[in-house]
Amino acid sequence: MLNLVGASLFFILIHLCVSGLPSVRAAVAGQLGEGPYRAVFSIASILGLWWMASSYGAAPHSPLWSHSAGLAHLSVLMMPISVYLVVGAFTQRNPTSVGQERALSASASRGILTITRHPFLWGVTLWALAHILANPDLASSIFFGTFLLVAVAGTRLIDRRYRRNSPAAWVEFANVTSNVPLVALLRGKTRARLSELFGWRLALAMAIFFALLWNHAWLFGVSPLP
């Protein structure tokens, strides 16, 4: 269990401290250069994921609460939304993604960004929460809780960085989007085009979801179905 805790702390450290804190990121990037910094950060992230996954598999799974069929069903229902957000994040321009910062403007509020300006991180948040609900043990809470913490905190850190580095463009973009999903739509700050939300991206997301659901036991050794 200590190995899993160490791996989780390492993952949190590189994402919320090294990458998330402006002074630390600037110091490291200043020493390495922006390109090498991103390469080193990517390698460290991959190593962190491997360390977490391997230590999670070896950790004892001590129960925290009784298994609930209702929570298991809820976790399965959350996953299509998670997959849809992730697919949307990677299939359109997104100013909050690495390398797309120049797209920051009010006109960027289209498609999945009318739901949230951080679709990937909210997709990860739902994925992590769904798996915590479906796996009522300490190791799972640490493993998936790490991703939950990094994703939720990441949305705030990214917003803060854009507000500091590109204040004028940020105000335009923030005025027509929201961090928390659906808030901008419910407040009338933006309008969604159904053709952008329910077209081929939704079909692709559902195909990926059902493929993962069908093959989950083969891929990960456990069925998500109650």
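This section reports on the structure supplied with the text. Treat the numbers as computed from the prediction; the structure is a model and nothing was measured.

Okay, the side chain of His118 next. Tracing the sequence through the fold places His118 in the loop between helix 4 (69-90) and helix 5 (119-134). Exposure remark for His118: the relative accessible area of 2% places this residue in the buried category. The contacts of His118, once residues within four sequence positions are left out, are Thr96, Thr155, Ile158, Asp159 and Asn179.

This brings us to the pattern of salt bridges. Scanning all chains against the criterion turns up 3 salt bridges. Note that Arg117 is salt-bridged to Asp159, the shortest N-O span being 3.0 Å. Placement of the pair is Arg117 in the loop between helix 4 and helix 5 and Asp159 in helix 6 (residues 138-165), with a sequence separation of 42 residues. In this structure, Glu196 and Arg193 form a salt bridge, with 3.9 Å as the shortest nitrogen-oxygen distance. Of the residues examined, Glu196 reaches a relative accessible area of 16% and is grouped as buried. For Arg193, a relative accessible area of 42% gives the class partly exposed. Bridged by salt links that share partners, the residues Arg110, Arg193 and Glu196 form one connected network.

Overall, the coordinates contain 12 aromatic pairs when judged by the stated rule. Pairing Phe143 with Phe147 gives two aromatic rings, centres 5.3 Å apart and planes at 75 degrees, and the pair type is edge-to-face. Within this pair, Phe143 and its partner Phe147 are both found in helix 6, separated by 4 residues, close to a single helical turn. Neither Phe143 nor Phe147 differs from the other in exposure class; each is buried. An aromatic cluster of three or more residues is present, and its members are Phe11, Tyr56, Trp127, Phe143, Phe144 and Phe147.

To continue, consider helix 5. Helix length check: helix 5, at 16 residues, gives a terminal C-alpha distance of 22 Å against a target of 22 Å (1.5 Å per residue), a fit within 8%. Looking at the buried positions of helix 5, the neighbouring elements they touch are helix 4, helix 6 and helix 10 (200-220).

Moving on, we come to the packing of helix 5 against helix 6. Contact geometry of helix 5 with helix 6 gives a least axis separation of 8 Å together with a crossing angle of 155 degrees. Relative to helix 6, the element helix 5 is oriented roughly antiparallel. As helix 5 runs across helix 6, the sense of the crossing is left-handed. Note on element contacts: helix 6 touches helix 5 through Ser140, Ser141, Phe144, Gly145, Phe147, Leu148, Ala151, Val152, Gly154, Thr155 and Ile158, opposite Leu121, Trp122, Val124, Thr125, Trp127, Ala128, His131 and Ile132. Looking at the contact of helix 5 with helix 6 residue by residue, the class counts come to 12 nonpolar, 7 polar and no charged.

Phi is positive for Leu182, which is not a glycine, with a value near 75 degrees. Within the secondary structure layout, Leu182 lies in the loop between helix 7 (167-175) and helix 8 (183-186). We classify Leu182 as partly exposed; its relative accessible area is 43%.

On to the packing of helix 4 against helix 5, then. In contact at an axis separation of 8 Å, helix 4 and helix 5 are set at 165 degrees when each is read in the N-to-C sense. Considering the angle they form, helix 4 stands roughly antiparallel to helix 5. Taken as a pair, helix 4 and helix 5 cross one another with a handedness that is left-handed. Packed against helix 4, whose contacting residues are Leu71, Leu74, Ser75, Met78, Met79, Ile81, Ser82, Leu85, Val86, Ala89 and Phe90, the element helix 5 presents Pro119, Phe120, Trp122, Gly123, Leu126, Trp127, Leu129, Ala130, His131, Leu133 and Ala134 at the interface. For the contact of helix 4 with helix 5, the per-class residue count stands at 18 nonpolar, 4 polar and no charged.

Turning our attention to the nonpolar core. In summary, soluble globular proteins display a tendency toward joint burial of nonpolar side chains. Core analysis: the biggest nonpolar cluster contains 42 residues, and Phe143 and Phe147 have the highest contact counts within it. Elements represented by at least two residues in this core include exactly helix 1 (2-18), helix 3 (34-58), helix 4, helix 5, helix 6, helix 7 and helix 10. Among the elements that make up this core, the one with the highest residue count is helix 6 (9 residues). Discounting residues that sit within four places of it in the chain, Phe147 has contacts with Phe11, Leu49, Met52, Val124, Trp127 and Ala128.

Criteria and thresholds
Once a new chain begins, its residue numbering starts again from 1 and follows that chain's sequence as written. Under the rules for a predicted model, residues below a pLDDT of 70 receive no local features and side-chain atom pairs below 80 are neither given nor counted, while totals for whole chains, interfaces and linings still include all residues. Processing note: side-chain calculations cover all non-hydrogen atoms of the structure and skip hydrogens and water entirely. Working definition: helices are DSSP H or I runs of at least four residues, strands are E runs of at least two. Numbering for both runs from the N terminus. Throughout, exposure labels follow a simple rule: accessible area from a 1.4 Å probe, protein chains only, divided by the maximum for the residue type, with under 20% read as buried, over 50% as exposed, and the rest as partly exposed. Any two residues having at least one pair of non-hydrogen atoms within 4.5 Å are treated as being in contact. Within this document, salt bridges are pairs made up of a side-chain nitrogen of Lys or Arg and a carboxyl oxygen of Asp or Glu, the two lying within 4 Å of each other. Ring pairs are drawn from Phe, Tyr and Trp, using the six-membered ring of Trp, whenever the two centres fall within 6.5 Å, and their geometry is named by plane angle: stacked under 30 degrees, edge-to-face over 60, tilted for the rest. An expected span of 1.5 Å times one less than the residue number is assigned to each helix. Axis definition: a line fitted to C-alpha atoms, over the contacting stretch in the case of helices. Angles run 0 to 180 degrees between N-to-C directions. Angle categories: roughly parallel below 35 degrees, roughly antiparallel above 145, roughly perpendicular from 65 to 115, and oblique for all the rest. Here a crossing is called left-handed whenever its near helix is offset anticlockwise from the far helix by less than a right angle, and right-handed whenever the offset is clockwise. Polar here means any residue other than Ala, Val, Leu, Ile, Met, Phe, Trp, Tyr, Cys and Pro, which are nonpolar, and Asp, Glu, Lys and Arg, which are charged; Gly is therefore polar. In plain words, nonpolar cores are sets of buried Ala, Val, Leu, Ile, Met, Phe, Trp, Tyr and Cys residues tied together by side-chain atoms within 4.5 Å.

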